[in-house]
Amino acid sequence: MSLPEFEAIYKEYKDMVYNLALGYVQNTADAEDIAQEVFVKTYQNLAKYDAQSASLKTWIYRIAVNQSLDFIKAKKTKKRFGFITALFHKESNEPMADVHAFDHPGVLLEDKEELQLLFALINELPDKQRTALILTRIEDRPQKEVAEIMELSVKAVESLLQRGKQALQARMKELKK
Amino acid sequence: MKELESLSKINKVEAPPFLLTRIRARIASLNEAAPVQWKWALAATALLVFALNAAAILKTEIKNDRPEPGLEQVIKGMNLSPSNGLYDE
């Protein structure tokens, strides 16, 4: 694949990928890392892309979702490992990397506190419920498209959304107590 | 769920312009990585060949230092000396 062809694809989908990544990590540094890896993978695997199975947009969405979830898992593992090494090197005053600094550029200051709490709860959800919520409520994708991206049925997506909302409501009730 | 409606307050943002520069650099490094890997593979192969040769040479030398058991008996029986000296002193 030629670089000009790739850069045309990049130009069309860069904002979509970046905003999706922000939905998962809520800070610009991590979203940039994720977006970079998404497009590198797109470049490496475009020869394998089958236009019959999914649209290019859906295919790139899938890469972005998987890359976001992998990034989060890797960062949690790194934090766990950092905690263990800190036990053996207590003299080090270096702060451990913050897994989750809230720095979403699309959130106004007056909404920050409210959304920071909401995202903290969304981030606790299982991956599939979280993905379904992000794609429908933040990315505003119709359920049919979400089902294609997640390679599930529409009913399965509805069920994930329902369970996700119930889990969030339950957590909010706990916090209000 | 009322609280989820707050998610609609999130605005879409543009990806930073330097992101493409980073991606280009990553793709360029992927293309460069292959020759570096070949160098490592070549070095590892050379090391392996050297190690095998050294082992073969050492094994041959050890074998040459010790005469065969049957030959040892003949040497002893005929009072022959393994050294190159002509006379026993």
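For clarity, every value in this text was computed on a predicted model and none was experimentally measured. (Residues numbered from 1 in each chain as written. Chains lettered and ligands numbered in written order. Predicted model: local features only at pLDDT ≥ 70, side-chain atom pairs only at ≥ 80, totals over all residues. Heavy atoms only, no water.)

Colleague: What's the story with the packing of helix 6 (residues 143-150) of chain A against helix 7 (residues 154-176) of chain A in this structure? I'm lost.
Modeller: For any two helices packed against each other, the geometry is given by the interaxial angle and the distance between the axes. All names here are of chain A. It is the contact of helix 6 with helix 7, at a shortest axis distance of 8 Å, that shows an interaxial angle of 100°. The pairing of helix 6 with helix 7 is recorded here as roughly perpendicular in orientation. Counting all contacts with helix 6, which are made through Gln-143, Lys-144, Val-146, Ala-147 and Met-150, the residues of helix 7 involved are Val-154, Val-157, Glu-158, Leu-160 and Leu-161. Here the contact of helix 6 with helix 7 is built from residues that sort into seven nonpolar, one polar and two charged. (Axes fitted to C-alpha atoms, helices over the stretch in contact; angles between N-to-C directions. Helix = DSSP H or I, 4+ residues; strand = E, 2+ residues; numbered from the N terminus. Parallel < 35°, antiparallel > 145°, perpendicular 65-115°, else oblique. Contact = heavy atoms within 4.5 Å. Nonpolar A, V, L, I, M, F, W, Y, C, P; charged D, E, K, R; others polar.)

Colleague: Just checking my understanding: could you explain the environment of Ser-2 of chain A for this structure?
Modeller: Tracing the sequence through the fold places Ser-2 of chain A in the segment before helix 1 (3-25). Sequence spacing of Ser-2 of chain A and Met-16 of chain A is 14 residues, and the spatial spacing of their C-alpha atoms is 22 Å.

Colleague: I tried to follow the interface of chain B and chain A on my own but got confused; where do I start?
Modeller: You'll often see interface size given as the accessible area lost when the parts meet. Taken residue by residue, the interface counts 23 residues in chain B and 37 residues in chain A. Both sides together, the interface formed by chain B and chain A hides about 2900 Å², and carbon and sulfur atoms give 63% of it. Here chain B is connected to chain A by seven salt bridges. Between Glu-32 of chain A and Arg-22 of chain B there is a salt bridge, and its shortest N-O distance comes to 3.6 Å. (Buried area = accessible area lost by both parts, 1.4 Å probe. Salt bridge = Lys/Arg side-chain N within 4 Å of Asp/Glu carboxyl O.)

Colleague: Quick question: what am I supposed to make of the packing of aromatic side chains here?
Modeller: Residues and elements named next belong to chain A. Counted according to the given criterion, the structure contains five aromatic pairs over all chains. Taking 4.8 Å as the distance between ring centres and 70° as the angle between the ring planes, the aromatic pair formed by Tyr-10 and Phe-39 counts as edge-to-face. Of this pair, Tyr-10 sits in helix 1 while Phe-39 sits in helix 2 (residues 28-45), placing them 29 residues apart in sequence. Site record: aromatic cluster; members linked through ring pairs are Phe-6, Tyr-10, Phe-39 and Tyr-43. (Phe/Tyr/Trp six-rings, centres within 6.5 Å; stacked < 30°, edge-to-face > 60°.)

Colleague: Please explain helix 2 of chain A as it appears in this structure.
Modeller: Since the α-helix packs 3.6 residues into each turn, any two residues three or four apart lie on the same face. In a regular helix each residue adds 1.5 Å, so 18 residues correspond to 26 Å; helix 2 of chain A covers 25 Å between its end C-alpha atoms and thus fits that length. Turning to helix 2 of chain A, its buried residues are Asp-30, Ala-31, Glu-32, Ile-34, Ala-35, Gln-36, Glu-37, Val-38, Phe-39, Val-40, Thr-42 and Tyr-43 of chain A. (Expected span 1.5 Å × (residues − 1). Buried < 20%, exposed > 50% of the residue type's maximum accessible area, 1.4 Å probe, protein only.)

Colleague: Help me understand the confidence of the model for chain B, please; the structure alone is not making it clear to me.
Modeller: For residues with low pLDDT, the predicted coordinates do not support detailed interpretation. Per-residue confidence for chain B gives a mean pLDDT of 81, with 80% of residues at or over 70. Confidence estimates for the predicted assembly give a pTM of 0.74 and an ipTM of 0.80. (pLDDT = per-residue confidence, 0-100.)

Colleague: Help me out: how do you make sense of the pattern of salt bridges in this one?
Modeller: Any two side chains of opposite charge can pair, given that their charged atoms come close. With the rule as written, the count across this model stands at 15 salt bridges over all chains. Linking Arg-22 of chain B and Asp-33 of chain A is a salt bridge whose minimum nitrogen-to-oxygen distance equals 2.6 Å. On the criterion of chain membership, the pair formed by Arg-22 of chain B in helix 1 (residues 18-65) and Asp-33 of chain A in helix 2 is interchain, its members lying in two chains. Each of Glu-32 and Asp-33 of chain A together with Arg-22 of chain B takes part in salt bridges that share partners, so that together they form one network.

Colleague: I tried to follow the environment of Ala-31 of chain A on my own but got confused; where do I start?
Modeller: Residue and element names in this part refer to chain A. If you trace the backbone, Ala-31 turns up in helix 2. Classification of Ala-31 as buried rests on a relative accessible area of 0%. Each C-alpha atom of the pair Ala-31 and Asn-19 lies 7.9 Å from the other, and the pair is 12 residues apart in sequence. The residues touching Ala-31, leaving out its near neighbours within four places in the chain, are Tyr-18, Ala-21, Leu-22 and Val-25.

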